[in-house]
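Here's the letter readout for the chains.
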Amino acid sequence: MTLRWEAFLEAIRERGEYDTPQEAERAARVVLALLGAHLVGDVRAELAARLPETLALILLNPLQAAEPLSPDRFVRATAAWIEGATETTALWDIGAVLSTVADVAGDDLTERVLLQLPPGYDLLFGRPQPGHRP
């Protein structure tokens, strides 16, 4: 399991151009905790099964969101949870984490994840849907 953990964080580290694995891990923990609050049922369980165990537990045990966050609010919430982050750096962090998650999940599961989220999350996952150009 260690290799899977290291490989997953290394992918995030490379995409986010982080200097250390700890920066990648911090981004992954925050983004997955917020994402987990928006997913339910089999989709959340299937996604968790494809993640390293520590991150799977974060995805599976979030505080439930009172209401779904729009993509803009998701970015603001991420910025609020990462010390020293701005909305711009949070968007970068989200892209690094969620694009890695999408690659691990594959197209079918990613599509089912996106169906549980408000419109616009496809861009955060790096998977823009045809006809949804901003």
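Calculation criteria
- Residues numbered from 1 in each chain as written.
- Predicted model: local features only at pLDDT ≥ 70, side-chain atom pairs only at ≥ 80, totals over all residues.
- Heavy atoms only, no water.
- Helix = DSSP H or I, 4+ residues; strand = E, 2+ residues; numbered from the N terminus.
- Rg over C-alpha atoms; globule rule 2.2 N^0.38 Å.
- Buried < 20%, exposed > 50% of the residue type's maximum accessible area, 1.4 Å probe, protein only.
- Axes fitted to C-alpha atoms, helices over the stretch in contact; angles between N-to-C directions.
- Parallel < 35°, antiparallel > 145°, perpendicular 65-115°, else oblique.
- Contact = heavy atoms within 4.5 Å.
- Nonpolar A, V, L, I, M, F, W, Y, C, P; charged D, E, K, R; others polar.
- pLDDT = per-residue confidence, 0-100.
- Left-handed = near helix turned anticlockwise from the far one by under 90°.
- Phe/Tyr/Trp six-rings, centres within 6.5 Å; stacked < 30°, edge-to-face > 60°.
- Arc of directions from axis to C-beta.
- Core = buried A, V, L, I, M, F, W, Y, C linked by side-chain atoms within 4.5 Å.

A. Main features of the overall build of the protein. Along its length, the protein carries 7 helices and 0 strands. Ordered by position from N to C terminus, the α and β elements of the protein give α-α-α-α-α-α-α. A compact globule built from 134 residues should have a C-alpha radius of gyration of about 14 Å, and the protein, at 14 Å, falls within 12% of that. Summarising its shape, the C-alpha atoms of the protein cover approximately 35 × 30 × 30 Å along the three principal directions. Residue burial in the protein is summarised as follows: out of 134 residues, 43% are buried.

B. Region of the structure containing the packing of helix α5 (residues 71-81) against helix α6 (residues 87-115). Interhelical geometry of α5 versus α6 gives an angle of 100 degrees and a closest axis separation of 8 Å. By the criterion of interaxial angle, the relationship of α5 to α6 is roughly perpendicular. The segment α5 lies against α6, with F74, V75, R76, T78 and A79 engaging E87, A90, L91 and I94. Tallied by class, residues from the contact of α5 with α6 come to 6 nonpolar, 1 polar and 2 charged.

C. Region of interest: the confidence of the model for the protein. Predicted confidence across the protein gives a mean pLDDT of 91, with 94% of residues reaching 70 or more. Averaged over each element, pLDDT in the protein is lowest for helix α1 (residues 2-16) (88) and highest for α6 (96).

D. How the structure looks around the packing of helix α2 (residues 21-36) against helix α4 (residues 53-60). Contact pair α2 / α4: the axes reach a minimum separation of 7 Å and the direction vectors enclose 35 degrees. Where α2 crosses over α4, the handedness of that crossing is right-handed. From α2, A28, R29, L32, A33, L35 and G36 reach across to α4, where they touch T54, L55, I58 and L59. Split into classes, the residues belonging to the contact of α2 with α4 amount to 7 nonpolar, 2 polar and 1 charged.

E. Fine view of the packing of aromatic side chains. Here the structure, examined in full by the defined rule, presents 1 aromatic pair. With a centroid separation of 5.4 Å and an interplanar angle of 75 degrees, the aromatic rings of F74 and Y121 are classed as edge-to-face. Taken together, the residues F74 in helix α5 and Y121 in helix α7 (residues 121-124) connect sequence positions 47 residues apart. Here F74 and Y121 have matching classes, each one buried.

F. Examining the environment of G16 more closely. Position of G16 relative to the elements: it lies in helix α1. For the pair G16 and I94, spaced 78 residues apart in sequence, the C-alpha separation works out to 8.9 Å. Excluding residues that lie within four positions of it along the chain, G16 makes contacts with W92 and A96.

G. A look at α4. Of the residues making up α4, those classed as buried are L55, A56, I58 and L59. Looking straight down α4, one finds that the buried residues subtend no more than 160 degrees of arc, so they occupy a single side.

H. Highlighting the nonpolar core. If you look at the biggest cluster of nonpolar residues, it comprises 42 residues, and the most contacted ones within it are L32, L35, L47, F74 and F125. Elements with a minimum of two residues in this core: α1, α2, α3 (41-49), α4, α5, α6 and α7. The dominant element in this core, judged by the number of residues it contributes, is α6, at 11 residues. What F125 contacts, discounting residues up to four positions off in sequence, is L35, L98, S99, V101, A102, T110, V113, L114 and L117.

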